[in-house]
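Overview (structure and organization)
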Amino acid sequence: MSNDKPGGSKDFSYNERGAQNKIKEKIKNILKSSKVPFQKLKKKWMDQEEEISRCEYIIVCGPKCSGKSTIIKQLIWYDNKLCYEEKQFHTKNIRKYLLEIIFTLVDAMLRSIPTMTFDKLENENKLNYLKNYFYEFNCNYNYQFCNYVESIWLDKNVQKTFERKHELQLQENAGYFLDKIHDIKRFDYLPTEEDILHYYTPTTRAAQRYFKLNCSPVCITEIVNQDKIFFRKWAGYFENVKTIIFVVACDSYNIMSTTDPTKTKLQDSMDLFCSVVSVAWFYHKDIILFLNKQDLLEEKLLEGRYKFEDYFEDFKDYCPSFDSLFSIESEPLEVLRVKHFIRNEFFKTAEACRPEEILYTHFSSAAKRKKFNDILICTVDIIMRCNRCTFGLV
Ligand SMILES: Nc1nc2c(ncn2[C@@H]2O[C@H](COP(=O)(O)OP(=O)(O)OP(=O)(O)O)[C@@H](O)[C@H]2O)c(=O)[nH]1
Ligand SMILES: [Mg+2]
């Protein structure tokens, strides 16, 4: 076949053959220098490809600070235990956080009306030491530091200030770490899994996490900065997702929303949930709803300062079903009524938007390792069941 064009097929095939030879040469060299035999490498690539195709995609959504990352941590630790280095990594963060709590408390004490100062004057010097120390680069939170923090915390007037914790700018888990101050100050302190679950790091960007759950590959993504129109706009991007986890902080029933001052954060969560379940893309996806922070909800209700009916008018006449009253033991009736009322509200929304689909729900305290265990097993089972269904195994 003639080919007059310069750089035509003849030239091209020549060049192509040359390039192919070069690639072959390169592969030979790689294989020579690599200690892994070619067949093994090939199997590894194929395994990886198969793993990606079998991957179970999950998204975790819900309002800010509801416990999304905490639930992801629990799922990751289901099969993968935390190693020593990972625990040690959190030691410094937890000590730093403890110091921030102390500063907030002391600040609130000094600003209180009528004004208060330390009960023990020596704590003033300790506070100054901590303040200087805090701004030092690379401070290592040594034994003296921890002793000073404890001494300030045990001051009578600081403790009195902590009684007003709901009025202060303190995170809800501050009390957990203050109660553990004696352990945290030990030089060999290594955070427990529960300490790490209680420590808060805001998620600032959606990052995918790949891990094994019951030996199956899973890819989980925490959605950040979602608003009510987020899912309508972006739902198409989640086509591969098989399970949606929605997390609500039930103790937020008395906290006003930052976006809509006429609503509480719990009402805001219900609106967000409504926008998720009404997205057409999600109709046949499995939705697992975590009614989270049950421990904090119970604590708040039993304290009696914030009555639930002051925020949800319909609650006054609400009576839970006979079954739900007897399914859980040793819980005060008021707590039972509130948690079932909240669940009912979510059920109503789900039924209105996707009447034929199941909504899985859990009353959870995600920061508690043992309490969460049964829920975790159940959740993994739901996720895996969905996975098996997709691949025709059930
Ligand atoms: N006591 C208690 N604390 C919880 C529970 N669930 C989560 N927390 C705490 O609540 C805080 C926020 O939890 P995260 O899991 O980081 O919440 P998030 O929804 O990922 O927050 P963002 O990433 O900021 O949106 C952390 O300090 C957790 O330890 C719970 O059930 N009980
Ligand atoms: Mg998070």
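Note that this is a predicted model, so its numbers are computed, not measured.

Here the magnesium ion (ligand 2) is held by the protein donor atoms Ser 69 (OG), Thr 203 (OG1) and Glu 222 (OE), which lie 2.1 to 2.2 Å from it. Counting gaps between the donor residues of the magnesium ion (ligand 2) yields the pattern S-x133-T-x18-E. One end of the pair, Ser 69, is in helix H3 (residues 68–79); the other, Thr 203, is in the loop between helix H10 (193–198) and strand E2 (208–213), and 134 residues separate them in sequence. Residue Ser 69 is classed as partly exposed on the basis of its relative accessible area, which comes to 22%. Using a relative accessible area of 23% as the deciding quantity, one classes Thr 203 as partly exposed.

Where helix H4 (residues 84–111) contacts helix H5 (residues 122–134), the axes come no closer than 12 Å and their chain directions differ by 130°. Compared by their axis directions, H4 and H5 come out oblique. By crossing handedness, the relation of H4 to H5 is classed as left-handed. Counted together, Lys 96, Leu 99, Glu 100, Phe 103 and Val 106 of H4 and Leu 127, Leu 130, Lys 131 and Phe 134 of H5 form the full contact between these two elements. Each residue belonging to the contact of H4 with H5 can be placed in one class, and the counts come to six nonpolar, no polar and three charged.

This part covers unusual backbone geometry. Put simply, Ile 113 and Pro 114 share a cis peptide bond, and its omega is -5°. Mapped onto the secondary structure, Pro 114 falls in the loop between H4 and H5. Here the phi dihedral of Cys 65 falls at roughly 65°; this positive angle occurs in a residue that is not glycine. In this fold, Cys 65 is placed in the loop between strand E1 (56–61) and H3. A residue is classified by how much of its surface remains accessible, and Cys 65, at 32% relative accessible area, is partly exposed. Located in the positive-phi region is Lys 293, a residue other than glycine, with phi close to 65°. The residue Lys 293 is located in the loop between strand E5 (286–292) and helix H13 (294–303) in this model. For Lys 293, a relative accessible area of 10% corresponds to the buried category.

In this section: the packing of aromatic side chains. Per the counting criterion, the structure on display carries 17 aromatic pairs. With centroids separated by 5.4 Å and ring planes inclined at 90°, the aromatic side chains of Tyr 97 and Phe 177 adopt a geometry described as edge-to-face. Remark: Phe 177 occurs in helix H8 (residues 174–179) and Tyr 97 occurs in helix H4; sequence separation between them is 80 residues. Each of the two residues, Tyr 97 as well as Phe 177, counts as buried. Taking the centre distance of 5.3 Å and the plane angle of 75° together, the rings of Tyr 318 and Phe 341 count as edge-to-face. Here Tyr 318 is found in the loop between H13 and helix H14 (322–327), whereas its partner Phe 341 is found in helix H15 (residues 333–353), with 23 residues between them in sequence. Considered together, Tyr 318 and Phe 341 belong to a single accessibility category, that of buried residues. Here a set of aromatic residues connected by ring pairs shows up, and it is made of Tyr 253, Phe 308, Tyr 311, Phe 312, Phe 315, Tyr 318 and Phe 341. Taking NZ or CZ as reference, Lys 300 lies 5.7 Å from the ring centre of Tyr 253, over its face. In this arrangement the basic side chain of Arg 337 is found over the ring face of Phe 315, its NZ or CZ atom lying 4.3 Å from the centre.

Rules and cut-offs
Residues numbered from 1 in each chain as written. Chains lettered and ligands numbered in written order. Predicted model: local features only at pLDDT ≥ 70, side-chain atom pairs only at ≥ 80, totals over all residues. Heavy atoms only, no water. Donors = N, O, S within 2.8 Å, 3.2 Å for Na, K, Ca; no water. Helix = DSSP H or I, 4+ residues; strand = E, 2+ residues; numbered from the N terminus. Buried < 20%, exposed > 50% of the residue type's maximum accessible area, 1.4 Å probe, protein only. Axes fitted to C-alpha atoms, helices over the stretch in contact; angles between N-to-C directions. Parallel < 35°, antiparallel > 145°, perpendicular 65-115°, else oblique. Left-handed = near helix turned anticlockwise from the far one by under 90°. Contact = heavy atoms within 4.5 Å. Nonpolar A, V, L, I, M, F, W, Y, C, P; charged D, E, K, R; others polar. Phe/Tyr/Trp six-rings, centres within 6.5 Å; stacked < 30°, edge-to-face > 60°. Lys NZ or Arg CZ within 6 Å of the ring centre and 35° of its normal.

These values are about where atoms sit, not about what they do.
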